[in-house]
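Coordinate analysis (summary)
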Amino acid sequence: MVPDDLVALGHITGAFGVRGMVKIKPYSTESILPQVDRWWLQRRLAPGMTAASVAPAAHQLFEVSQCRWHADHLIAAFSDISDRDVAEELKGMVISVSRADFPVQAEDEFYWVDLVGCWVYTVDEAAVRELAVADEDYVLLGRVRELSDNGVHAVLHIDRYVDSGEPDSEPQPLFNAKGQPQQSLVPFVDAHVLEVDLENNWLEVDWPLDF
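Here the residue numbering is sequential within each chain, running from 1 through the sequence in written order. pLDDT decides what is reported in this predicted model: residues at 70 or higher carry local features, side-chain atom pairs at 80 or more are listed and counted, and totals for whole chains, interfaces and linings draw on all residues regardless. Note: side-chain values were computed over all heavy atoms of the structure, leaving out hydrogens and water.

**Some details on the packing of aromatic side chains**
Aromatic rings from Phe, Tyr and Trp, with only the six-membered ring used for Trp, were paired whenever their centres fell within 6.5 Å, and each pair was classed as stacked if the ring planes differed by under 30 degrees, edge-to-face if by over 60, and tilted otherwise. Using the criterion set out here, one finds seven aromatic pairs in the structure. Relative to Y111, the ring of F102 has its centre 4.9 Å away and its plane inclined at 80°; by these criteria the two rings are edge-to-face. In terms of burial, F102 and Y111 fall into one category: buried. The interplanar angle of 80° and the centroid separation of 6.2 Å between the aromatic rings of F110 and F188 together place this pair among those described as edge-to-face. With a gap of 78 residues between them, F110 in the loop between β6 (93-98) and α2 (112-115) and F188 in the loop between β11 (183-187) and β12 (193-197) connect regions that are remote in the sequence. Residue classification places F110 among the partly exposed residues on the basis of a relative accessible area of 26%. A simple rule labels every residue: compare its accessible area, found with a 1.4 Å probe on the protein chains alone, to the largest value its type can have, and call it buried under 20%, exposed over 50%, or partly exposed in between. Strands are runs of DSSP state E lasting at least two residues, helices are runs of H or I lasting at least four, and both sets are numbered from the N terminus onward.

**Focus: the sheet that holds β6**
The pairing of strands in a sheet comes from backbone hydrogen bonds and takes either a parallel or an antiparallel form. Between any two strands, pairing holds if DSSP finds at least two bridges. With respect to topology, six strands assemble into a closed barrel ordered β1-β2-β5-β4-β3-β6, the strand pairing being antiparallel. The average undirected angle you get between the axes of adjacent strands in this sheet is 45°. Looking at chain direction, strand β3 (residues 38-43) and strand β4 (residues 60-70) are connected through four bridges and run antiparallel. Looking across to β4, one finds that W40 is bridged to L61. Note on geometry: axes are lines fitted to C-alpha atoms, helical ones only across the stretch in contact, with angles between N-to-C directions running from 0 to 180 degrees.

**A word on the side chain of S184**
Tracing the backbone shows S184 in strand β11. Any two residues having at least one pair of non-hydrogen atoms within 4.5 Å are treated as being in contact. The contact partners of S184, leaving out residues within four places of it in the chain, are L141, L156, H157, I158, R160, W207, L209 and F211.

**Description of the UniProt feature "domain: Ribosome maturation factor RimM PRC barrel" (unreviewed entry) in the protein chain**
UniProt positions are given in the numbering used here, feature names are shortened, and annotations may be inferred rather than shown by experiment. Per the UniProt record, the feature "domain: Ribosome maturation factor RimM PRC barrel" (unreviewed entry) sits at residues 112-210. Between the end C-alpha atoms of residues 112-210 the distance is 24 Å, and the span holds 11% helix and 40% strand.

**Concerning the side chain of S98**
Here S98 lies in strand β6. Side-chain atoms alone can form a polar contact between residues adjacent in sequence; in general such a contact is a pair of N or O atoms within 3.5 Å, and within protein one must be able to donate a hydrogen while the other accepts it. At 2.8 Å, the side chain of S98 and the side chain of D5 are in polar contact.

**Some words on the domain arrangement of the protein chain**
Split into domains, the protein chain comes out as domain 1 (6-101) and domain 2 (112-205). Domain delimitation follows an automatic or database domain assignment. Computed over C-alpha atoms, the centres of domain 1 and domain 2 are 34 Å apart.

**Overview of the nonpolar core**
Among the nonpolar cores identified, the biggest contains 25 residues, and I12, I24, W39, L41, F78 and L90 are the most heavily contacted of them. Elements with a minimum of two residues in this core: β1 (6-16), β2 (21-26), β3, β4, β5 (73-78) and β6. Among the elements that line this core, the one with the most residues is β1, at four residues. Excluding residues that lie within four positions of it along the chain, W39 makes contacts with I24, L33, Q60, L61, F62, V64, C67, A76, F78, I95, S96 and V97. Within this scheme, the nonpolar core is defined by two criteria: the residues are buried Ala, Val, Leu, Ile, Met, Phe, Trp, Tyr or Cys, and they are joined through side-chain atoms within 4.5 Å. Counting 19 residues, the second-largest nonpolar core is a separate cluster that includes V120, V144, L156 and L209.

Following this line, the structure appears as structure tokens:
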């Protein structure tokens, strides 16, 4: 059974050497791929194709015998592949790993995939003074869409939302003049990210609403 919690972490760019190894472009400079020995490979859609126009290729499970860094790429070998031609046929395959197979992180570390979708509240003084409701010391900033890495630290890409003010109503997204979602970029550092509560799916930050 293919797990329902797969996370894409990289793709194969071609064969490496003559013994069936492959070269991989990881999607993060801190990829966990070298620490996981069960990879699910899936053929990427051909250029010009969309998921709506063609059925996705099936995932295939591969057992990894070794994986290591080679400059800014990864080099890996699979238990059942020892031929370069076979390895070359894997070019373009997307590598996914079950979230359940991720290594256990330290208490103050978080996987990006777990932060996506979290609601973000700011305790910025100006925002609280202007918009906070009675007895609350925080204001809704938005929801994490994705994260990126600027080479120094991770950055939260937050789609802006606003509380409607009505009981039991859902937060409403904010859009710019072009109809695109408004977004805030918050550095994922201790000075700005004060608390992360994955159990309740929210983050507390100190960040102005208009930045």
